[in-house]
Amino acid sequence: MNYEESFKKIEEKWQKSWEQKKAFQPAIEKPKKKLFITVPYPYTSGPLHIGHGRTYTIADVYVRFQRMQGQNVLWPMAFHITGTPILAVSRRIEQADKEAVKTYEEYISLYEKDKKKAKKILDSFIEPQKVADFFSDVIIHDFKSLGFSIDWSRKFTTGDLEYNKFIEWQFHRLRDLDLITKGTHPVLYCVNDKNAVGEDDIQNGDTIEPGIEEYTIIKFKFQDSYIIAATLMPHTIFGATNIFVNPNTAYYKFKVQNEIWIGSKEFFEKLSYQGKNVEKIKTISGFDLIGKNCVAPLTGKELQILPAEFPNPDIGSGIVYSVPAHSIADYAALEDLKKNENLVKKYNMNYSVVQKIAPISVVKTPELGEVPARDLYNKFGIKNQMDEKLPDATKELYSKEFHFGVMLNNSGDFSEMKVSEARESVKKKLLELNLADNFHEVTALELPVMCRCGGKVVVSLLKDQWYINYGDEGWKENTRNCLNKMLILPQMYKPLFESTINWLHERACARMRGLGTKLPWDERWIIESLSDSTIYMAFYTVINLIRTNKIKPEQLTRKFWDYVFLGAHSSKEIAQETKIKDKVLNEIHESFEYWYPNDLRHTAVGHITNHLTFFIFNHVALFPEKYWPKSITLNEFLIREGAKMSKSKGNDVPLDEIPRTYGADLYRLYIVSGANLEAVVDWTEKNVLSAQKRLNRLYELSDEIIKHKTQSAGRKATTIDLWLKSRFNSMLKIVTQDLQNFKMRDYSQRAFFEFLNDLGYYYQRSKENINYFLLKKILANWLKILSPLIPHTAEEFWNKLGNKKLISLEKWPALDETAISKEVEISENLILNTHKDVEQIIQLIEKKPKKIMLFAVPSWKYEVYKGTLEGKQIRDFMQNPELKKFGNELVNYYNKLGAKKFELSKEILDSKKELEVLKEAKQFFESSFNCKFEILETEKSTNPKAKIADVMKPGIYLE
Ligand SMILES: [Zn+2]
């Protein structure tokens with residue numbers, strides 16, 4: 001039998017068996033130790049791809065391992081449908097949006113081959129619930145066919161009425177605790193939906209890192225109006241030399257309260273979302289502004305307006321005040337202009353005036369020269385103002401100046417001030433003088449930022465917006481305390497949690513549209529998706545009982561949850577209020593008490609700065625300390641053939657394809673053995689194939705072992721038998737620790753690949769004398785160790801070994817510490833290496849020998865070798881008359897060892913043992929090389945090869 005041919009049948013068979021036997025639905029079993037593990041519920045707007053599968057696979061391996069360790073493990077799963085993405089899908093299908101229809105046709109075709117039925121499903125998607133239903137079924141199907149040992153009896157969606165009641169309780173509690181605020185705050189906002197949006201709603205929101213940055217917009221007096229320029233570094237106003245406008249941009253002249261401003265059309269539009277009353281007066285082309293002068297605030301300096309390509313109408317006001325000493329783009333734009341006399345003349349400007357504009361330095365920074373922008377312009381080899389290297393160069397300059405820079409003496413009241421302070425002080429001064437204003441801008445790695453609905457995302461100041469106040473200092477402090485007690489793996493991520501707790505502030509928690517739970521005290525609002533997914537782990541512990549006891553949503557009152565989660569009120573009182581029986585209430589409360597807290601949450605690294613930190617915050621606020629989360633483990637993502645996977649690139653592999661094309665066990669083996677948690681795994685077809693070959697080898701070996709009907713030990717254990725036992729137990733010892741510490745790659749490499757090699761070597765070495773009794777025992781235990789990793793394969797061969805129960809529910813093998821023998825493993829290395837050396841010599845002389853002689857190390861050499869390892873000197877050896885008689889030969893040998901003192905292996909045998917081991921392997925050597933062998937004592941031989949025998953390296957003579 002071979003993996004490639006049989007995986008489909010085998011995998012389906014065992015998946016069915018697990019389901020029929022309800023193998024992974026734990027019940028409360030006191031006093032058995034419980035372990036409650038969660039992984040974020042998937043969002044149901046589309047199918048998952050193999051990248052998503054990595055997180056769930058790692059969790060499953062751990063869950064299966066802990067189950068075999070004797071823990072009562074609960075790993076449930078549910079579905080997230082909150083927010084606008086599913087609504088957006090429905091709307092786009094309804095509008096027959098070509099791209100959406102094509103995408104969703106493809107998705108459906110993965111699961112429904114009948115075209116008529118597929119069309120019907122697509123048509124049903126105009127109803128959002130149908131989208132959620134279809135994809136949650138699809139994800140269940142995918143997860144089952146990957147062998148995930150999930151308890152599905154507790155599944156729910158975040159749109160279920162029971163869930164709504166639970167979330168209502170959460171928000172009432174947060175409000176009672178004074179952690180909900182209302183106010184006006186900048187939020188990312190879709191101009192189309194007229195609604196605040198989160199990462200989930202934004203196109204590529206998970207990769208482009210959308211955010212909000214606070215700019216200062218500065219007013220430059222210009223005729224009857226102000227030219228407006230936005231900046232992140234208002235302190236550089238002292239170094240302004242000119243203004244840049246884009247000659248190809250249409251600017252607006254418009255009224256703001258009682259002032260007149262000039263800025264790009266896009267700027268004008270954005271201001272209206274930020275609480276400004278704006279009224280357009282007229283359009284002015286950039287061309288018309290060029291050559292004229294305006295006046296800088298604070299310095300009163302006249303600045304000429306010059307043309308440049310780089311000012312982007314979409315960023316700030318589309319106008320830039322130029323600081324060529326401290327902005328590389330400004331420096332580059334000025335250089336471009338100075339190099340182009342014709343262009344300057346085209347705008348009717350005086351070329352000599354432009355030529356005379358020189359950078360004015362206002363900040364001094366160690367390591368940077370007098371004109372830092374010019375230095376970095378040269379260092380990065382910037383060619384012009386549109387150069388692609390500009391962002392990197394600018395980042396370096398800004399960061400250094402901000403952290404280490406000091407204002408020069410030409411900066412008025414701000415001279416000698418640190419840049420980090422001056423930035424705030426200059427801004428404050430400008431605001432006081434009404435020569436500046438605050439302005440919020442969308443930032444992202446790719447601009448413009450677009451909503452999934454197709455609308456542009458801007459910053460809006462929302463009034464009457466509800467917030468969760470993650471900025472509350474007392475709350476932060478408790479959250480830090482909880483984090484300090486938590487285990488975070490890999491540990492390197494812990495500081496990211498710490499800094500997230502530090503910078504988090506009020507976060508908008510409700511939207512005007514979307515699926516989900518209504519804010520209980522203001523039903524115009526719906527709680528958004530990162531706010532209704534912070535404590536749902538608690539819901540898993542009770543939802544099955546709510547359903548089996550047929551409790552209606554309206555019975556799930558605030559007091560009901562108070563009782564279940566906090567033990568508040570008496571069950572009698574709650575029974576009266578809710579009409580739920582006393583006994584049932586107790587049962588539900590006990591279930592929560594038994595399973596909580598959530599012992600481990602496993603997910604991908606990307607969730608730290610939002611979901612995972614909110615998860616800790618909310619638990620800390622709502623539950624007593626004994627129910628706070630215990631640990632979080634995180635894994636990096638998966639790429640394919642060296643590239644990041646995405647639907648838009650067309651290089652994503654849907655999870656659905658795995659069980660058909662590769663098989664679940666191959667996928668699991670590859671994903672888990674590819675890298676430990678902190679590294680990215682690359683899915684390459686070539687490497688997948690080589691893993692498949694190894695799985696095939698396991699199938700062949702297992703079949704071969706099982707077909708031998710050995711009942712008893714039959715013979716005394718040989719060195720190679722002892723070696724196999726030792727290797728197996730060493731491996732068991734290490735991989736048990738690996739699994740406990742989430743070292744998934746190390747576990748799978750050792751348990752699968754390395755031990756498979758060991759078995760192969762055992763076969764080669766034992767040939768006619770294979771101990772099948774031993775092999776069967778080892779196979780049975782090995783399958784247990786592999787069962788978390790390749791559960792279908794493990795069940796199959798476990799069953800073939802004659803076992804009736806599931807291996808998934810077996811106990812982890814017991815370690816036989818006494819079987820681990822360093823000496824046995826060293827002995828076998830001696831045989832293996834000697835075998836290799838003989839092979840090489842035969843190849844070299846290119847003829848078949850009649851007889852081969854092996855000379856074991858003489859005892860005096862062993863003594864000198866061992867003594868050298870212990871740090872003995874030549875005189876120490878010479879004091880020993882037994883050694884002294886070897887005279888010059890000993891000195892030469894000692895010098896030879898001294899030359900490679902630090903490379904000498906400590907894994908050695910004494911000369912007697914070495915001879916014995918070689919003698920025992922005589923038969924193996926003879927049958928392997930089909931030639932007679934003689935194993936000899938070096939001291940009794942005059943053969944020249946005897947002289948070169950060394951520790952763990954016998955002399956070899958071919959006749
Ligand atoms: Zn939108």
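Because the structure is predicted, anything quoted here is derived from the model rather than measured.

Caption draft 1: Spatial organisation of the overall build of the protein. Looking only at helices and strands, one finds 37 helices and 29 strands in the protein. Seen through its C-alpha atoms, the protein measures out along the principal axes to roughly 110 × 85 × 55 Å. Each of the 959 residues in the protein was classed as buried or not, and the buried ones make up 56%. Within the protein, counting contacts between residues at least 6 apart in sequence, those at least 24 apart form 76% of the total.

Caption draft 2: Up close: the coordination of the zinc ion. Protein coordination at the zinc ion: the donors are C190 (SG), D193 (OD), C451 (SG) and C453 (SG), at 2.1 to 2.3 Å from the metal. Written as a sequence motif, the donor residues of the zinc ion are C-x2-D-x257-C-x1-C. Pair noted here: C190 is in strand β3 (residues 180-190) and C453 is in the loop between β16 (436-443) and β17 (457-469), with a separation of 263 residues, a long-range link. Judged on exposure class, the residue C190 and its partner C453 are both buried.

Caption draft 3: Molecular detail of the packing of aromatic side chains. Applying the stated criterion to the full structure yields 74 aromatic pairs. Seen from their ring centres, F565 and F623 are 5.7 Å apart, and the 75° between their planes marks the pair as edge-to-face. Of this pair, F565 sits in helix α19 (residues 558-566) while F623 is found in the loop between α22 (608-622) and β23 (631-635), placing the two residues 58 residues apart along the sequence. In this structure, F565 and F623 share a single accessibility class: buried. Taking the centre distance of 5.1 Å and the plane angle of 75° together, the rings of Y670 and W683 count as edge-to-face. Placement of Y670 in helix α24 (residues 664-674) and of W683 in strand β26 (residues 681-683) is noted, with a sequence separation of 13 residues between them.

Caption draft 4: Representation of the side chain of T38. Its place among the elements puts T38 in strand β1 (residues 34-38). When residues no more than four places from it in sequence are discounted, the contact partners of T38 are W75, M537, Y540, N598, L600, R601 and H602.

Caption draft 5: Quick look at the pattern of salt bridges. A full pass over the atoms with the stated rule returns 56 salt bridges. The closest approach of N and O atoms between E29 and K32, which form a salt bridge, is 3.8 Å. Classification of K32 by relative accessible area gives partly exposed; the value is 33%. Note that K940 is salt-bridged to E937, the shortest N-O span being 3.4 Å.

Caption draft 6: Layout of the sheet that holds strand β25 (residues 643-644). The mixed open sheet is built from 3 strands, whose spatial order is β25-β24-β26. Two strands lie at the open edges of the sheet, namely β25 and β26, each paired on one side alone. α24 contacts β24 (638-640) and β26 of the sheet and is inclined by roughly 145° relative to β26.

Caption draft 7: Structural context of empty space enclosed by the protein. In total, this model carries 1 cavity of 30 Å³ or more according to the counting rule given. Size it by volume and the largest cavity reaches roughly 50 Å³. In terms of lining, the largest cavity is formed by T84, P85, L87, A88, R91, D193, D201, C451, R452, C453 and R513. Of the residues assigned to the lining of the largest cavity, the class counts are 5 nonpolar, 1 polar and 5 charged.

Caption draft 8: Broad picture of helix α3 (residues 85-94). Across the 10 residues that make up α3, a large majority, 7, are buried. Inspection of α3 places P85, I86, L87, A88, V89, S90 and I93 among the buried residues, and these make up the whole buried set. As for α3, its buried residues are in contact with α4 (98-111), α5 (115-124) and α6 (128-145). Backbone geometry just downstream of α3 places A96 in the positive-phi region, at approximately 55°.

Caption draft 9: Expanded view of the side chain of H440. Among the secondary structure elements, H440 is positioned in strand β16. A relative accessible area of 12% means that H440 is categorised as buried.

Caption draft 10: Region of the structure containing unusual backbone geometry. With an omega of 0°, the peptide bond running from K30 to P31 counts as cis. Mapped onto the elements, P31 comes out in the loop between α1 (3-20) and β1. Of the consecutive residues L447 and P448, the connecting peptide bond is found in the cis state with omega at -5°. Residue placement: P448 occurs in the loop between β16 and β17. Phi is positive for N434, close to 55°, though the residue is something other than glycine. Note on placement: N434 falls in the loop between α15 (419-432) and β16.

Caption draft 11: Representation of the UniProt feature "binding site: ATP" (unreviewed entry) in the protein within the structure. The UniProt feature table records "binding site: ATP" (unreviewed entry) at K647. With respect to the element layout, K647 can be found in the loop between β25 and α23 (657-661).

Caption draft 12: Main features of the sheet that holds β3. Pairing is antiparallel in the open sheet, where 4 strands are placed in the order β4-β3-β17-β19. For this open sheet the edge positions go to β4 (195-196) and β19 (506-508), each flanked by a neighbour on one side alone. Of the strand pairs in this sheet, β17 and β19 are connected by 3 bridges, and their pairing is antiparallel. Opposite I468, over in β19, you have R507 as the bridge partner.

Caption draft 13: Representation of the packing of α1 against helix α29 (residues 791-800) in the model. Close contact between α1 and α29 brings their axes to 9 Å; oriented N to C, the two are set at 85°. Regarding the angle of α1 to α29, the classification is roughly perpendicular. Residues I10, E11, K13, W14, Q15 and W18 of α1 pack against P791, H792, E795, E796 and N799 of α29.

Caption draft 14: Representation of the domain arrangement of the protein within the structure. By domain assignment, the protein separates into domain 1 (33-210 + 446-543 + 590-661), domain 2 (214-443), domain 3 (662-820) and domain 4 (841-958). Using C-alpha coordinates to define each centre, domain 2 is positioned 80 Å away from domain 4.

Caption draft 15: Main features of the nonpolar core. The biggest cluster of nonpolar side chains holds 133 residues, and the ones touching the most others in it are F143, W683, F752 and W782. When residues in this core are grouped by element, the largest group, 11 residues, is from helix α27 (residues 744-766). Once residues lying within four places of it in the same chain are set aside, the contact partners of F143 are P42, L48, Y56, M77, F148, I150, W152 and L655.

Caption draft 16: Region of the structure containing the packing of helix α26 (residues 719-740) against helix α28 (residues 772-786). Remark: α26 packs on α28, axes separated minimally by 11 Å, with the N-to-C direction vectors making an angle of 15°. Viewed along their axes, α26 and α28 adopt a mutual orientation that is roughly parallel. Once α26 is placed against α28, the crossing between them reads as left-handed. On α28, the residues touching D721, L724, K725, F728, M731, L732 and V735 of α26 are L774, L775, I778, N781, W782 and I785. Its residues placed into classes, the contact of α26 with α28 shows 10 nonpolar, 1 polar and 2 charged.

Caption draft 17: Broad picture of helix α18 (residues 537-548). Of all 12 residues that make up α18, 10 are buried, and the element is covered over most of its length. What α18 keeps buried is the set M537, A538, F539, Y540, T541, V542, I543, N544, L545 and I546. Of the surrounding secondary structure, the elements contacted by the buried residues of α18 are β1, α7 (161-176), α19, α21 (582-595), β22 (600-604) and α22.

Caption draft 18: Quick peek at the pairing of strand β5 (residues 211-222). Taken together, the 8 bridges between β5 and β16 define a ladder with antiparallel strand orientation. Bridged to E213 within β16 is E441. With 7 bridges connecting them, β5 and strand β6 (residues 225-231) associate as antiparallel partners. Residue pairing in the sheet places K219 in a bridge with I228 of β6. Between β5 and the antiparallel strand that follows it, β6, lie 2 residues; Q223 among them carries a positive phi value of about 50°.

About the thresholds
- Residues numbered from 1 in each chain as written.
- Predicted model: local features only at pLDDT ≥ 70, side-chain atom pairs only at ≥ 80, totals over all residues.
- Heavy atoms only, no water.
- Helix = DSSP H or I, 4+ residues; strand = E, 2+ residues; numbered from the N terminus.
- Buried < 20%, exposed > 50% of the residue type's maximum accessible area, 1.4 Å probe, protein only.
- Contact = heavy atoms within 4.5 Å.
- Donors = N, O, S within 2.8 Å, 3.2 Å for Na, K, Ca; no water.
- Phe/Tyr/Trp six-rings, centres within 6.5 Å; stacked < 30°, edge-to-face > 60°.
- Salt bridge = Lys/Arg side-chain N within 4 Å of Asp/Glu carboxyl O.
- Pairing = 2+ DSSP bridges.
- Axes fitted to C-alpha atoms, helices over the stretch in contact; angles between N-to-C directions.
- 1 Å grid on protein atoms, 1.4 Å probe; cavity = no way out; pocket = protein on both sides within 12 Å on 5 of 7 lines; lining within 4 Å.
- Points joined across faces, edges and corners; volume = space filled by probe spheres on them.
- Nonpolar A, V, L, I, M, F, W, Y, C, P; charged D, E, K, R; others polar.
- UniProt positions renumbered as here; feature names shortened; annotations may be inferred.
- Parallel < 35°, antiparallel > 145°, perpendicular 65-115°, else oblique.
- Domains from an automatic or database assignment.
- Core = buried A, V, L, I, M, F, W, Y, C linked by side-chain atoms within 4.5 Å.
- Left-handed = near helix turned anticlockwise from the far one by under 90°.

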